[in-house]
Amino acid sequence: MPRRERRVQLLDSALEVFVAQGYHAAAMDDIADRAGVSKPVLYQHFPGKLELYLALLDTSCDTIIDNCRKALASTTDNKQRVAATMEAFYTYVSSESGAFRLVFESDLTSEPAVREHVERVTIECAEMIAEVIHEDTGLPDEACRLLAAALVGMAQVSSRFWLAEGGAASGIERQQAAALVAGLAWRGIRGYPLTDDH
């Protein structure tokens, strides 16, 4: 198998193991078995379990950030931007891969490299949202960043809560849940209009 394809296969297998077992309980043996390769093959691609985990975390973080960027770029209507961004988080969290658990529920946040990756999601998504808030309100940059971080937090926490409550089985479909929270977010953020007072 070509090296790039093998790496993708190993990452897919590692994701399944890490999501199912968490970082500490997962063993390189388990990942090699899941991938159908020997441990030496696994170590040819990743020097250790942490490096493998960080590679997965990189991919997962990039996905969330890219989804947020696409949602913001999908329209110039800010109400629709809020809805699209909220939907991006709910879609990501409800993915069958469970990759969101690496980012939002990692059992390894005491590791500085992991914490840095996890915080990157909030920081980069908030920076993009803050730019939109600034253009729309004229609020100072630090105020825009704080409001943007609050919106990212609302998306993360509410989507994970919805999933923990059973997701669609709770009686609220994903799109409906995202729309409910987007409505709450929009009612709050639209209260900061561009005025001479800001």
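Here, residues in each chain are numbered from 1, in the same order as that chain's written sequence. In keeping with the predicted nature of the model, local features appear solely for residues at pLDDT of at least 70, side-chain atom pairs appear and are counted solely at 80 or more, and the whole-chain, interface and lining totals rest on all residues. Note that the side-chain values use all heavy atoms of the structure and ignore hydrogens as well as water.

Named according to an unreviewed UniProt entry, the protein is TetR family transcriptional regulator originating from Nocardioides gansuensis.

Asker: Outline the overall build of the protein, supporting the account with residue identities and numerical values.
Answerer: The secondary structure listing takes helices from DSSP runs of H or I that are at least 4 residues long and strands from runs of E that are at least 2 residues long, numbered from the N terminus. Tallying secondary structure elements over the protein gives nine helices and zero strands in all. Secondary structure of the protein in N-to-C order comes out as α-α-α-α-α-α-α-α-α. With respect to the principal axes defined by its C-alpha atoms, the protein has extents near 65 × 35 × 30 Å. When each of the 198 residues of the protein is scored for burial, the buried share is 43%. Counted over contacts in the protein with a minimum sequence separation of 6, partners at least 24 positions apart contribute 67%. Of the roughly 10500 Å² that the protein leaves accessible, carbon and sulfur atoms contribute 52%. Looking at the protein, you have 19 positive and 29 negative side-chain charges, and the mean spots of the two groups are 4 Å apart. Burial classes follow relative accessibility: with a 1.4 Å probe on protein chains only, a residue under 20% of its type's maximum area counts as buried, one over 50% as exposed, and anything between as partly exposed. Contacts are residue-level and defined by heavy atoms, with any inter-residue pair within 4.5 Å sufficient. Each accessible area is a Shrake-Rupley estimate made with a 1.4 Å probe; only the visible protein chains count as cover when residues are assessed. When charges are tallied, Lys and Arg are placed among the positive residues and Asp and Glu among the negative ones, while His and the ends of the chain are skipped. Charge coordinates come from a single atom per side chain, which is NZ of Lys, CZ of Arg, CG of Asp or CD of Glu.

Asker: Please provide a residue-by-residue account of the UniProt feature "DNA-binding region" (unreviewed entry) in the protein, values included.
Answerer: With numbering matched to this structure, UniProt assigns "DNA-binding region" (unreviewed entry) to residues 27-46. End-to-end, the C-alpha atoms of residues 27-46 are 13 Å apart, and along that stretch the chain is 75% helix and 0% strand. UniProt positions are given in the numbering used here, feature names are shortened, and annotations may be inferred rather than shown by experiment.

Asker: Summarise the domain arrangement of the protein; cite the residues concerned and give the values.
Answerer: Partitioning the protein into domains gives domain 1 (1-47) and domain 2 (54-191). What marks off one domain from the next here is an automatic or database domain assignment. One C-alpha centre belongs to domain 1, the other to domain 2; they are set 28 Å apart. Listed as interface residues are ten residues of domain 1 and, on the opposing side, nine residues of domain 2. We define a salt bridge as a side-chain nitrogen of Lys or Arg found within 4 Å of a carboxyl oxygen belonging to Asp or Glu. Run the count over domain 1 and domain 2 and you get zero salt bridges.

Asker: Provide a residue-level description of the packing of helix α1 (residues 3-25) against helix α4 (residues 49-73), including the pertinent values.
Answerer: Axis angle and axis distance: for two packed helices, these are the angle between their axes and the distance between the axes, and together they describe the pair. Contact geometry of α1 with α4 gives a least axis separation of 10 Å together with a crossing angle of 100°. In terms of axis orientation, α1 runs roughly perpendicular to α4. Contacts from R7, L11, A14, L15, F18, Y23 and H24 of α1 reach α4 at K49, L50, L52, Y53, A55 and L56. In this classification, Asp, Glu, Lys and Arg are treated as charged, Ala, Val, Leu, Ile, Met, Phe, Trp, Tyr, Cys and Pro as nonpolar, and every other residue, Gly included, as polar. Here the contact of α1 with α4 is built from residues that sort into ten nonpolar, one polar and two charged. All axes are obtained by fitting lines to C-alpha atoms, using only the stretch in contact for helices, and the reported angles, taken between N-to-C directions, cover 0 to 180 degrees. Note on terminology: angles under 35 degrees are roughly parallel, angles over 145 are roughly antiparallel, angles of 65 to 115 are roughly perpendicular, and the others are oblique.

Asker: Summarise the packing of aromatic side chains; cite the residues concerned and give the values.
Answerer: To pair, rings of Phe, Tyr and Trp, with the six-membered ring standing in for Trp, must have centres within 6.5 Å; the planes then decide the type, stacked if under 30 degrees apart, edge-to-face if over 60, and tilted in the middle. Applying the stated criterion across every chain yields a total of four aromatic pairs. Residues F18 and Y53 carry aromatic rings whose centres are separated by 5.0 Å and whose planes lie at 90° to one another, so their mutual orientation is edge-to-face. Placement of the pair is F18 in helix α1 and Y53 in helix α4, with a sequence separation of 35 residues. Of the residues examined, F18 reaches a relative accessible area of 3% and is grouped as buried.

Asker: Lay out helix α2 (residues 28-35) with the relevant residues and their values.
Answerer: Within α2 the residues assigned to the buried category are M28, I31, A32 and A35. Along the long axis of α2, the arc covered by the buried residues comes to 100°, so they all point the same way. Contacts from the buried residues of α2 go to α1, α3 (39-45) and α4. G36 sits one or two positions beyond α2 and adopts a positive phi of about 75°. Here the arc refers to the directions that run from the helix axis out to each C-beta atom.

Asker: Can you tell me about the side chain of T85, naming the residues and giving the values?
Answerer: Tracing the backbone shows T85 in helix α5 (residues 78-93). The exposure class of T85 is buried, given its relative accessible area of 9%.

Asker: Account for the UniProt feature "domain: HTH tetR-type" (unreviewed entry) in the protein, with residues named and values stated.
Answerer: Mapped onto this numbering, the UniProt entry gives "domain: HTH tetR-type" (unreviewed entry) at residues 4-64. In residues 4-64, helix accounts for 87% and strand for 0%; the two terminal C-alpha atoms are 22 Å from one another.

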